[in-house]
Structure formats: C-alpha cells, structure tokens
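Here is how the chains run, residue by residue.
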Amino acid sequence: MFELFFYGIVLGSIIALGSIGLSLIYGILRFANFAHGDLMTAGAYLALFFVTQLFEWLGIPDNTIGSLSFGIRMIITFPIVMIIISLLSIIIDQILYDPLRMKKSSPVILAMASLGVSFIIQMMVIIIWGSDSLFYKPGILRPAMELPLNIKIRPDQIFIILVVFFSISSLHLFLKYTRMGKAMRATSDNPELAKVTGIQTRNIIRLTWAIGGAMAALGGILYGIDVQLHPGMGWGFLLPLFAAAILGGIGNMYGAMIGGLVLGVVQQLSTSFLLPTYKPAIAFIIMILILIVRPQGIFGGRTLWK
Amino acid sequence: MILLELIELTSGYGKTDILNNFSLTLNKEEILSIIGPNGAGKSTLLKTIFGLLIPKKGTIRFQEEEVTGLSPDKMVRKGMGYVPQTENVFPSLTVQENLEMGAFIKKEINQNKLDEIYALFPILIPKRKEKVGRLSGGMRQMVAMGRALMLDPKVLLLDEPTASLAPLLVGMIFEKIVEINKNGVALIIVEQNAKETLRISHRGCVMAMGRKIFEDKGLAILNNKEIGRLYLGG
C-alpha cells in the first residue's frame, strides 16, 4: 500500500507538470488544449533523439550517474528539449491558434484545432520512431532500493520527484514574485483589464505557452524515464491531465498541482483492487464527479463554460 | 487649457452606431461628469476615448496630439487612466499586486507612488497582502482607482465608480474623487448618481441616444429644472 502510494506520487507529479500547463493555458486563453499531452510525447521522443542519436554522434559519454538509469546525456537533454518544445508551442500558437483568436473563433473551434495538432504530433512520432514502445536505455537493469515498510523504489523515481518539486517551486516563485509572473496571473484573472493596464497580453500568451510547453516536455521525458515511450503516451495522459486541472479548479495552477498528485495517487491505489487498465476510468470518474458536485474545482477556478 | 478634445466622434459595436457625431472638450484639472439615461452611450464614450473601441469617424486629441485609434496600452503611456465599471480589479492578486500592475509598463515600481496611493486610501493599508477578491465592493473600487493612478495620469476616466455601493461609501468615493482632482488630475465621470456627481463637477454633459443634449457648469445643470425633470428624476 505504501509502495503504491509512493508510485502514485511519482505518477502524480508527472501529471501535475502537464496539468499545470493545461490549466495556465486555459486560464489565459480560455480554451482546452487537447494537444497538451502530445507536447509531452513530443518532448519525450525528442529527448530520445538527443540521448540515443545526436549525443552518440557528438561523442558525449553514455555513463550512468550513480544508481540512476541515465547519465550526463539526459541531464543536458532536459533543458534543451524543454526550450525546443517551448518554442514549438509558441510557433503552433502563432500559426494556428493566434489567427483563430484574431477571427474571434469560439473556444470549441480552438479545442478542435488542438485536436488536429494532437493527431499531427502523434502521427509524426509514429512516422519517425514507429509505433512500438521504446526505452531511453533498453536492456538496462533498473534495480530498486528497499526501504523500511517493504517499500521498493527506484532511484530514478526519487530523481523524478525532486525534479518536479524543483521545477514547480521555481514556477511558483516566478509567478509570485516577478513582474512578468504577476502580469501572467493578472492576465489569467482578467485579460481585458490586463490590456487596460498596459500589459501586452500577446507577450503574456507567448510566455504561457513557453512555460506550458517546457513543463509538458519535462513531464514527458520523466515519464519516459520512469516507464517507457509510446506514441500514444501523451494522448493517454490527456484524461488525467484534464481531470487534475478540473479537480483543482481550471485556471488555478496550485489546484492543478494538487489535483495531479491526488489523481496519481488515486490511480495507483486503485490498482490494488482493480486491473491497471482501469486507471483511465478512475480519472474519468473523478472528473465526472467533480463536474457534477463542484464544477469550479476544489480550490476554485473558472467554471468551464464561462 | 484644453487637455482632451473629442471632435465629431462616431463609434459603436459592429454596424450599430452608439455614439453619434459627439464632440466634447475637457480642460486641464477639471471634473467633467457625463450623465444620461441607460443606453445613452456613456460607457461607449469612455471606451472610445481610451482606445478600447476604435471610432468610425472623428478625431481624439489629447495633450495637443492626435491619438485617434491608439490601443489602450499606448493611451496608458500617454497619460490616460481608465477604471471600467465592472471587473475592474484582479481578484486573485493582492491589493499591493493590483497596484503594482497599474505601473506594469514601468520596469521598476515607484515606492513613493505606492505610498501616495496608500495615503489617498489609508483603508487599504492593512489589506495590502489580502486578495482583492475577498474585499468589499467599496474597497475594490478604491483598488481600481488606485491602480489607474499609479502612472500619474493627466486624465482619469471613471465608469460608474459608485454603482452598487452602499450610500455611506458613495460619499466616500466622491470625496476621494475630489481629492484626486486636487492633485491635478482631470476626470471624466460617467454616473447614475447624477446629483452627487454634478455637485462635485466643474462641468456636466447630458447625453441621450449617443448625442450631447446639453452642457453647462455642474451646479447650473443641477439647478436647471427642465434638465432635472427630464434626466435627473425630478
């Protein structure tokens, strides 16, 4: 049970990375980005290219660090892929969503467009890397450490939790104390008033995509390290991402964070009495229950249909 | 000295014109109130001045410079402040953060300016770190006005600053408006509380159907029986 709880925290922290981005984007642009999970996929596969091909070619050593399953290659990969996916997110926004917003398209149109983006990313991944599951380091033994209470955890998982904790804390400090962070929260609160105050909301929108994209990419790579890579991995995350964002109150970053953790833990705990294939169903049930009982989420956010 | 000049403005949403051939001048350090029935185009007027709506015809001159069609963030830079009627604060930000957002276009927050705003609205001092969403309507209005004052505007546009406030607070907001004006800020106030507004205004303008019906000194309008009967409810 403790072990499942711990695995839930690991999964939950990865979900949190995605749902924070989803929630921030919803908060500022008021549309549900169905391609958010696929940004995770794109990040994970791009990291695969760096770790197994580009860095091999560049001759960067492939040693592992301590008892982790990866090494210096992966450490360099994190920031590079996060930046690339940030830029990719901004580019997608500029060529697709921005023109739609200019035409004052409804949020439904934007959501459908994002569904298209989702399919494009998935298909591109399949074309380039194939549809089989892949690993960053195939064949490596991933020994678990034994902790008291019979908890078996892998060093990678501790790494994941630390990285997520560090990145979410950084984001929190950014939003709370910097001028741009405050402007982002202000724009999420009231985009019209933000314009009236002289905030250039276009820059805020770009910044939001950049942060959302970077967080998603990080989540994707971490999931790849913890489990495996699969073209449909991000799509599979979509339901938990939405459920977490809605659970915490969509548009509310802190809610999305807690929502992600709760969802991860509940999903993992459910495997002690249900088949693991029912995990998405658990996410779905939580989402439906929240929408019926408390649509503004536990911590308050926007109602979805505002 | 003319600060703001509107020349034959026509403006509206889509194909509907709400403002028709509207001309008006505002002098430096003057309080001008715009009164009139619902749907007269008062809010549309403020939105058009501030660049939230682009006029279809006409010219806006501000500090002897043409500013017709400039976007709100440029208007803010030119020295114009605007407080919308509703949703005029950032509810999930603290009082302090709301004020800081007022000076967003400046890279550095001017502490003296913040102190000035708190001196104008001392009631906000103990609430500095509270989220504005939790404050009462009156305090929110003060935060909204404080925010708009952060960049030392030459003119402040207030859209119904006392709408839905308790009578006690209405008086307080009007006192603050007079105080802001004494610091050298000109104001255009759109109000339903026509009598109180006219009492503190140097000049007033009565609007109906998107046009200017009448314009005079504030007290003169108050004493005008005809206008009183038609537009101020007796």
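Report on the accompanying structure. From a predicted model like this one, the values you see are computed outputs, not experimental measurements.

What follows concerns the environment of Leu4 of chain B. Residue and element names in this part refer to chain B. In this fold, Leu4 is placed in strand β1 (residues 2-13). Sequence-wise, Leu4 and Asn20 are 16 residues apart; in three dimensions their C-alpha atoms are separated by 18 Å. With near-sequence residues (within four places) excluded, Leu4 lies in contact with Leu24, Thr25, Leu26, Ile49, Ile60, Arg61, Phe62, Met80 and Ile188.

All names here are of chain B. In spatial order, the strands read β6-β7-β8-β3-β9-β10; together these six strands make up an open sheet with mixed pairing. With one partner strand each, in any of the chains shown, β6 (80-83) and β10 (211-217) form the two edges of the open sheet. Shown here is a sheet whose adjacent strand axes are inclined to one another by a mean of 15°, direction ignored. Pairing of β6 with strand β7 (residues 155-159) involves four bridges; the strand directions are parallel. Counted as the bridge partner of Tyr82 is Leu157 from β7. With respect to the sheet, helix α5 (residues 137-149) is in contact with β6 and β7, its orientation differing from that of β6 by roughly 165°.

So, about the pattern of salt bridges. All names here are of chain A. Under the criterion given, the structure shown has 19 salt bridges over all chains. Put simply, Arg73 and Asp62 hold a salt bridge, and the shortest N to O gap is 3.9 Å. A residue pair is termed long-range when its members are at least 10 positions apart, and Arg73 in helix α3 (residues 72-102) and Asp62 in the loop between α2 (36-58) and α3 qualify at eleven residues. Judged by relative accessible area, which is 5%, Arg73 ranks as buried. Linking Asp226 and Arg154 is a salt bridge whose minimum nitrogen-to-oxygen distance equals 3.2 Å. Separated by 72 residues along the polypeptide, Asp226 in helix α8 (residues 201-226) and Arg154 in the loop between β2 (151-153) and α5 (155-177) bring together distant segments of the chain. Accessibility expressed as a relative area gives 17% for Arg154, which makes it buried.

The next thing to look at is empty space enclosed by the protein. All names here are of chain B. Within the structure shown, the criterion is met by two cavities of 30 Å³ or more. For the largest cavity, the lining is made up of 13 residues, of which Val76, Met80, Gly81, Gly102 and Ala148 are closest to its centre. Where the lining of the largest cavity is concerned, the elements lending two or more residues are β6 and α5. Here the lining of the largest cavity takes three residues from β6, the largest share from any one element. Tallied by class, residues from the lining of the largest cavity come to eight nonpolar, four polar and one charged. What the second largest cavity holds in volume is close to 40 Å³.

Calculation criteria
- Residues numbered from 1 in each chain as written.
- Chains lettered and ligands numbered in written order.
- Predicted model: local features only at pLDDT ≥ 70, side-chain atom pairs only at ≥ 80, totals over all residues.
- Heavy atoms only, no water.
- Helix = DSSP H or I, 4+ residues; strand = E, 2+ residues; numbered from the N terminus.
- Contact = heavy atoms within 4.5 Å.
- Pairing = 2+ DSSP bridges.
- Axes fitted to C-alpha atoms, helices over the stretch in contact; angles between N-to-C directions.
- Salt bridge = Lys/Arg side-chain N within 4 Å of Asp/Glu carboxyl O.
- Buried < 20%, exposed > 50% of the residue type's maximum accessible area, 1.4 Å probe, protein only.
- 1 Å grid on protein atoms, 1.4 Å probe; cavity = no way out; pocket = protein on both sides within 12 Å on 5 of 7 lines; lining within 4 Å.
- Points joined across faces, edges and corners; volume = space filled by probe spheres on them.
- Nonpolar A, V, L, I, M, F, W, Y, C, P; charged D, E, K, R; others polar.

Without other data, these values stay purely geometric and don't point to any function.
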